[in-house]
Amino acid sequence: MFSKYQKGLFENIKNMADIVSYGGDGYGYGLMALGHIDVIMEADLHFYDVAALIPIIEGMGGKITNWHGEKLSTKNFNGEVLASRTPQIHDTVLRTLSKSICYNFL
């Protein structure tokens, strides 16, 4: 699912987690909506894979963007999705990604 570059960024986030799971598709987002998952980080998706999930995650108080924190839309969609159970968790993950991105370009 991840390019070599994306895999490096994912590994930085994965190292912050107690439990990591792969796959699950829409089931994982349902678990997030129920409060059982904190972060979902995916790549290589189409907008139609995630479009119906946006109001669900936002409606339960979570946040869903691309890996740069930009709102998902058909115009800017690059296949990357970051969904978090709370805006605070989302901000923490985005800060970590931002540091990782800056580091990778030094």
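Above this note sits the structure.
This text gives an overview of the structure that appears in the document. (Residues numbered from 1 in each chain as written. Predicted model: local features only at pLDDT ≥ 70, side-chain atom pairs only at ≥ 80, totals over all residues. Heavy atoms only, no water.)

### Quick notes on the nonpolar core
- Y29, V50, I64, L72, F77, V81 and A83 are the most contacted members of the largest nonpolar core, which has 13 residues in total.
- Those elements giving two or more residues to this core turn out to be helix 2 (26–33), helix 4 (54–59) and strand 3 (81–84).
- Residue contacts for A83: discarding those within four places in its chain leaves Y29, M32, D38, V39, I40, K63, I64 and H90.
- The next biggest cluster of nonpolar side chains, apart from the first, holds 10 residues, and it includes L9, M41, A43 and L97. (Core = buried A, V, L, I, M, F, W, Y, C linked by side-chain atoms within 4.5 Å. Buried < 20%, exposed > 50% of the residue type's maximum accessible area, 1.4 Å probe, protein only. Helix = DSSP H or I, 4+ residues; strand = E, 2+ residues; numbered from the N terminus. Contact = heavy atoms within 4.5 Å.)

### So, unusual backbone geometry
- Its identity as a non-glycine residue notwithstanding, D44 has a phi of 65°, on the positive side.
- Note that D44 resides in the loop between strand 1 (39–42) and helix 3 (47–50).
- Under the relative-accessibility criterion, D44 is labelled exposed at 62%.

### Digging into the pattern of salt bridges
- For the structure on display, the rule yields 2 salt bridges.
- Close ionic contact of K7 with E11 constitutes a salt bridge, the shortest N to O distance being 3.0 Å. In this pair, K7 and E11 both sit in helix 1 (residues 4–14), 4 residues apart, roughly one turn of the helix.
- Taking relative accessible area as the criterion, K7 reaches 37% and is therefore assigned partly exposed.
- As a salt-bridge pair, D38 and R85 come within 2.6 Å of each other at their nearest N and O atoms. (Salt bridge = Lys/Arg side-chain N within 4 Å of Asp/Glu carboxyl O.)

### Section: the pairing of strand 3
- Burial along strand 3 is two-sided: the face carrying V81 and A83 and the face carrying L82 and S84 are both buried.
- In this structure, strand 1 lies alongside strand 3, joined through 4 bridges in antiparallel fashion. Its bridge partner being in strand 3, V39 is matched across the sheet by S84.
- As paired elements, strand 2 (residues 63–65) and strand 3 share 3 bridges and run antiparallel to each other. (Pairing = 2+ DSSP bridges.)

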